[in-house]
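Overview (structure and organization)
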Amino acid sequence: MQVRELSIAGAWEFTPAQHEDHRGLFFEAFKAEEVAGAIGHAFTLAQANTSVSAAGVIRGVHFADVPPGQAKYVTCPSGAVLDVVVDLRVGSPTFGAHDAVLLDDADRKAVYISEGLGHAFCSLQDGSTVTYLCSTGYNPTGEHGVSPLDEELGIGWPSVGRDGAPLELVLSEKDRDAPNLREAAEAGLLPRADRVEAYLRDLRG
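Throughout what follows, the structure given in this document is the object of discussion. Bear in mind the structure is a predicted one, so any value in this text is a computation, not a measurement. (Residues numbered from 1 in each chain as written. Predicted model: local features only at pLDDT ≥ 70, side-chain atom pairs only at ≥ 80, totals over all residues. Heavy atoms only, no water.)

The full count for this structure, using the stated rule, is 10 salt bridges. Glutamate 13 is paired through a salt bridge with arginine 4; the nearest N and O atoms lie 2.9 Å apart. Here arginine 23 makes a salt bridge to aspartate 21, at a shortest N to O gap of 2.7 Å. Here the salt bridges share partners, and the residues they tie into one network are Arg4, Glu13 and Lys109. (Salt bridge = Lys/Arg side-chain N within 4 Å of Asp/Glu carboxyl O.)

Written out as structure tokens, the structure is:
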């Protein structure tokens, strides 16, 4: 498995080796020791979520209060999505910046998103399936969002799908009405980089 750290500290891309023959193929979608080696501590699996999205659907930008936050290991076993990691940690040198990885059923990459980071994706074809391995369970009072269309974030969402057809972006009412980055910061919703780092130091022991 190849591991690459993204331009946002706390986010990594994992590319598995695929073994294919006349029967089909096999690959290791998740390896605990590989993830732990990258992030510096064991990844605790508390919940596994799956979403299925039509072409053009955007989900996110979602994040959770730290502590405990919610780290995610995200894969796309069927279809294709543009997966986006956003640095929402106030005080981080890359605050407000983002990085993106194509997750699909060809390269079968995964992305690890650490506590304190925001996560979003755009589906590039109907039926795109995304699986999230989460370090903590769902906590409705501790989970928040920032508008994925915020001009300050400047995320370049795809205009065409996997088949080359134009995409019409579709958001939930909650994501569409989410505050922009500046509003979320002024409301005190965003995690602080120093508190996130202190929490991660505790996890690393």
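Below, the discussion takes up the sheet that holds strand β2 (residues 11-15). Taken in spatial order, the six strands make up an open sheet running β1-β2-β10-β7-β12-β5, and their pairing is antiparallel. Single-partner strands in this sheet number two, and they are β1 (2-5) and β5 (47-53). Averaged over all adjacent pairs, the angle separating strand axes in this sheet is 20 degrees, with direction ignored. Pairing between β5 and strand β12 (residues 128-134): seven bridges, direction antiparallel. Considered in β12, the bridge of threonine 50 is made with threonine 131. Across the sheet, helix α1 (residues 32-39) touches β1, β2, β7 (72-78) and β10 (110-113), and the angle it forms with β2 is around 150 degrees. (Pairing = 2+ DSSP bridges. Helix = DSSP H or I, 4+ residues; strand = E, 2+ residues; numbered from the N terminus. Axes fitted to C-alpha atoms, helices over the stretch in contact; angles between N-to-C directions. Contact = heavy atoms within 4.5 Å.)

Once that is clear, we can look at the packing of aromatic side chains. Throughout the structure, instances matching the rule amount to six aromatic pairs. When the centroid spacing of 5.6 Å and the interplanar angle of 50 degrees are considered together, the rings of phenylalanine 14 and tyrosine 73 count as tilted. Of this pair, phenylalanine 14 sits in strand β2 while tyrosine 73 sits in strand β7, and the two are 59 residues apart along the sequence. For the pair phenylalanine 14 and tyrosine 73, a shared accessibility class is recorded, and that class is buried. (Phe/Tyr/Trp six-rings, centres within 6.5 Å; stacked < 30°, edge-to-face > 60°. Buried < 20%, exposed > 50% of the residue type's maximum accessible area, 1.4 Å probe, protein only.)

Pairing within the open sheet is antiparallel, and its five strands lie in the order β9-β8-β11-β6-β13. Single-partner strands in this sheet number two, and they are β9 (98-104) and β13 (143-145). For this sheet the average axis-to-axis angle between neighbouring strands, irrespective of direction, equals 25 degrees.

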